[in-house]
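Close look at the chain arrangement
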Amino acid sequence: MPSIDLSGKAAVVTGSGRGLGLAYAHALAAHGASVVVNDVDEAVAEAAVKSIEEAGGRAVAEVVAVGTSEAAERLVNRAVEEFGRLDVLVTNAGILRDKVLWKMSDDDFDAVITTHLKGTFTCARAAAVRMREQGEGGSLILVGSPAGQRGNFGQTNYAAAKAGIAAMARTWSMELGRAGITVNAIVPVAATAMTETIPAFAPYVEAMRGGEPLPDFLRKGEGFGTPEDCAALVPFLASEAARGVTGQCIGIGGDKVALWSHPQEIRAAYADGGWTPGALADAWPTSVGAELQSVGIPAPKLPEA
């Protein structure tokens, strides 16, 4: 297997005080990168730095809420001040404000969009400016979600933000290609504070915390595991081994890694001179409407009792 060596590289991981973000930061540090840990809670951020240092890595904390241009500049500047450069950005920071459409307030919507979508934009922009100035390429690793790929009940704001992040990855991969900067979106699935509340997963997550391994139908069938299971993808995408990988949405979880397709036309029909509403109604069932797409994250397939 090729060696993944990130020695001499510097990374910023937003929202990395705990959970998936902390797993990403640890994985980068374990492969030689110096890491700026980011969280809104100073004690959590410092504890994360300590855990990385105790494992033999190098890290510093920058406590700021992502979303604004000022926060993005602080994160990039901290990497440059501490480590002399910036090579990797992982935009993991996020919050949830779940409600169905008719109950979601402007504040619920704006808060999630600001952290996830605008936070990804502002941090990526600041990182891209620095990486282009350095002239040595780099890696932007954006964090998506199955909700952004397929939608999810009660998550208008979150699904919209994550779908936008996938679109930004595709766009930026084209814009930054000549600078040698790769841009990909990862789609992690892991036992986190959000997913452990899913009734089908809850008993298995509880058993895992008691020392029992997750069963194969979850690790393989559902691609569901620990945050650490998802972390391997980050140092890979930050490494020379992935220089040719850009503009992709890549899922990972448990024992599974998968490539998500880009949206594309799957059926088409034609009418000379254009379509009328009546002609659409007549042709729809046997043409483009014959294979309508499903929505939502598929329910877990549990073994029969």
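Look up a bit, the structure's there.
Now for a description of the structure that goes with this document. These numbers come from a predicted model, not from an experiment. (Residues numbered from 1 in each chain as written. Predicted model: local features only at pLDDT ≥ 70, side-chain atom pairs only at ≥ 80, totals over all residues. Heavy atoms only, no water.)

This part covers the overall build of the protein chain. Counting its regular elements, the protein chain contains eleven helices and eight strands. The globule rule puts the C-alpha radius of gyration for 305 residues at 19 Å, and the 21 Å found for the protein chain is close to it. C-alpha extents for the protein chain along the principal axes are approximately 65 × 50 × 45 Å. Within the protein chain, the proportion of its 305 residues that are buried is 46%. By sequence separation, contacts in the protein chain at least 24 residues apart represent 68% of the contacts at least 6 residues apart. Summed over its atoms, the accessible surface of the protein chain is roughly 15,400 Å², and 55% of this surface lies on carbon and sulfur atoms. In the protein chain, which carries 25 positive and 35 negative side-chain charges, the distance between the mean positions of the two groups comes to 3 Å. (Helix = DSSP H or I, 4+ residues; strand = E, 2+ residues; numbered from the N terminus. Rg over C-alpha atoms; globule rule 2.2 N^0.38 Å. Buried < 20%, exposed > 50% of the residue type's maximum accessible area, 1.4 Å probe, protein only. Contact = heavy atoms within 4.5 Å. Areas by Shrake-Rupley, 256 points an atom, 1.4 Å probe, with all protein chains shown as cover. Lys, Arg positive; Asp, Glu negative; His and termini not counted. Charge placed at Lys NZ, Arg CZ, Asp CG, Glu CD.)

A few words on the packing of helix α3 (residues 69–83) against helix α4 (residues 106–134). Contact geometry of α3 with α4 gives a least axis separation of 8 Å together with a crossing angle of 40 degrees. The orientation of α3 with respect to α4, classified from their angle, is oblique. Handedness of the α3/α4 crossing: right-handed. Taken together, the residues of α4 that come into contact with α3 (itself represented by Ser69, Ala72, Glu73, Leu75, Val76 and Val80) are Thr122, Cys123, Arg125, Ala126, Ala127 and Arg130. Across the contact of α3 with α4, the residue classes tally to seven nonpolar, two polar and three charged. (Axes fitted to C-alpha atoms, helices over the stretch in contact; angles between N-to-C directions. Parallel < 35°, antiparallel > 145°, perpendicular 65-115°, else oblique. Left-handed = near helix turned anticlockwise from the far one by under 90°. Nonpolar A, V, L, I, M, F, W, Y, C, P; charged D, E, K, R; others polar.)

In this section: empty space enclosed by the protein. To find leftover empty space, a probe the size of one water molecule is rolled over the atoms. Applying the stated criterion to the full structure yields one cavity of 30 Å³ or more. Volume-wise, the largest cavity comes out at about 40 Å³. As for the largest cavity, its lining consists of Thr14, Val66, Thr91, Asn92, Ala93, Thr115, His116, Gly119, Thr120 and Cys123. A class-by-class count of the residues in the lining of the largest cavity yields three nonpolar, seven polar and no charged. (1 Å grid on protein atoms, 1.4 Å probe; cavity = no way out; pocket = protein on both sides within 12 Å on 5 of 7 lines; lining within 4 Å. Points joined across faces, edges and corners; volume = space filled by probe spheres on them.)

We now examine the layout of surface pockets. Here the second largest pocket is characterised by a volume of approximately 350 Å³. Residue lining of the second largest pocket: 14 residues in total, with Gln149, Trp260, Ser261, His262 and Pro263 positioned closest to the centre. Secondary structure elements with two or more residues in the lining of the second largest pocket: α5 (146–150) and α6 (156–175). Its residues assigned to classes, the lining of the second largest pocket comprises five nonpolar, seven polar and two charged.

Turning our eyes to something else, we now look at the pairing of strand β4 (residues 88–91). Across the two faces of β4 the burial is the same, with Val88 and Val90 and Leu89 and Thr91 all buried. Bridge count for strand β1 (residues 10–13) against β4 is three bridges, and the pairing is parallel. Residue pairing in the sheet places Val13 in a bridge with Val90 of β4. Relative to strand β5 (residues 138–143), β4 runs parallel, the two being bridged by four bridges. Paired with Val88 across the bridge in β5 is Ser139. Regarding topology, α4 serves as the crossover connection from β4 to the parallel β5, and that connection is right-handed. (Pairing = 2+ DSSP bridges. Right-handed = clockwise from strand over helix to strand, strands pointing away.)

Close approach of charged atoms allows side chains of opposite charge to pair. Summed over the entire model, instances satisfying the criterion amount to twelve salt bridges. We note a salt bridge from Arg85 to Asp87, for which the minimum N-O separation is 2.9 Å. (Salt bridge = Lys/Arg side-chain N within 4 Å of Asp/Glu carboxyl O.)

Looking now at the packing of α4 against α6. Each pair of packed helices can be described by the angle between their axes along with the distance between the axes. Relative to each other, α4 and α6 sit at 15 degrees, their axes nearing to 8 Å. Considered as vectors, α4 and α6 are oriented roughly parallel to each other. Crossing geometry of α4 relative to α6 is assigned as right-handed. When α4 is examined against α6, the residues Asp108, Phe109, Val112, Ile113, His116, Leu117, Thr120, Phe121 and Ala124 are found in contact with a partner set consisting of Thr156, Asn157, Tyr158, Ala161, Lys162, Gly164, Ile165, Met168 and Trp172.

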